[in-house]
Structures are given as C-alpha cells and as structure tokens.
Amino acid sequence: MSRWSSAERASEFAWVYAKGLDKRYKRAHEVADEPAKAKPANDTVETLTGKHAWLTEDGSVFISVQGDTVLVSESLDQDTTERVEREIFPAGK
C-alpha cells in the first residue's frame, strides 16, 4: 500500500507499475471485463484508476487505486487480497 500526494500521482504510479509487469514476468496478461484504459493526465503521463488484475506465471497481481492510495498485491490468493483491500479501503469511505 502506498499513499501519494494526490489522486493524480497515485494513478500515475499505478500506470507505471502496471506497465512494468511485462518486464518483470515472462507472461503477464490482464484479466478483466475491460482491459486497462489509459487516460492522459497531461501531455506525457498516463494513468490507471480503479481495480485491475493480471495473471502471471508466478500468480495473480492486483492493483487497486482509490483516490491518493494504491494497493498492489502480488502472488497472494484472491481471498487474502480481498481481505487486505477491505482493510485498506473500508466500504463507505
């Protein structure tokens, strides 16, 4: 979990982290209803918001961005990741 100076900075970090998955793993493909869509924050930086998941040869990677906070989970099972996510992002906040 990391907290950033703004929601924009958090989403920029999430984008950079997600793009790096292809370099860290031999096989990393996003699993979601819709693939991650970049939206320009300015002329040179792209961002990632919401929840995203990838499958790799070492397990799942989850990135969740809410406001100025980013949660990254690598190689944890989905139940554990969801429990951590509920602790970091309680419902109604």
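The shown structure was predicted, so the numbers you read here are calculated from the model rather than taken from an experiment.

Cut-offs used in this document
Residues numbered from 1 in each chain as written. Predicted model: local features only at pLDDT ≥ 70, side-chain atom pairs only at ≥ 80, totals over all residues. Heavy atoms only, no water. Phe/Tyr/Trp six-rings, centres within 6.5 Å; stacked < 30°, edge-to-face > 60°. Helix = DSSP H or I, 4+ residues; strand = E, 2+ residues; numbered from the N terminus. Buried < 20%, exposed > 50% of the residue type's maximum accessible area, 1.4 Å probe, protein only.

Draft legend 1. Spatial organisation of the packing of aromatic side chains. This model, assessed by the stated rule, comprises 2 aromatic pairs. Taking the centre distance of 5.8 Å and the plane angle of 55° together, the rings of Phe13 and Tyr17 count as tilted. Of this pair, Phe13 and Tyr17 both sit in helix 1 (residues 7-24), 4 residues apart, roughly one helical turn. Judged by relative accessible area, which is 23%, Tyr17 ranks as partly exposed. One aromatic cluster is present, formed by Trp4, Phe13 and Tyr17 through successive ring pairs.

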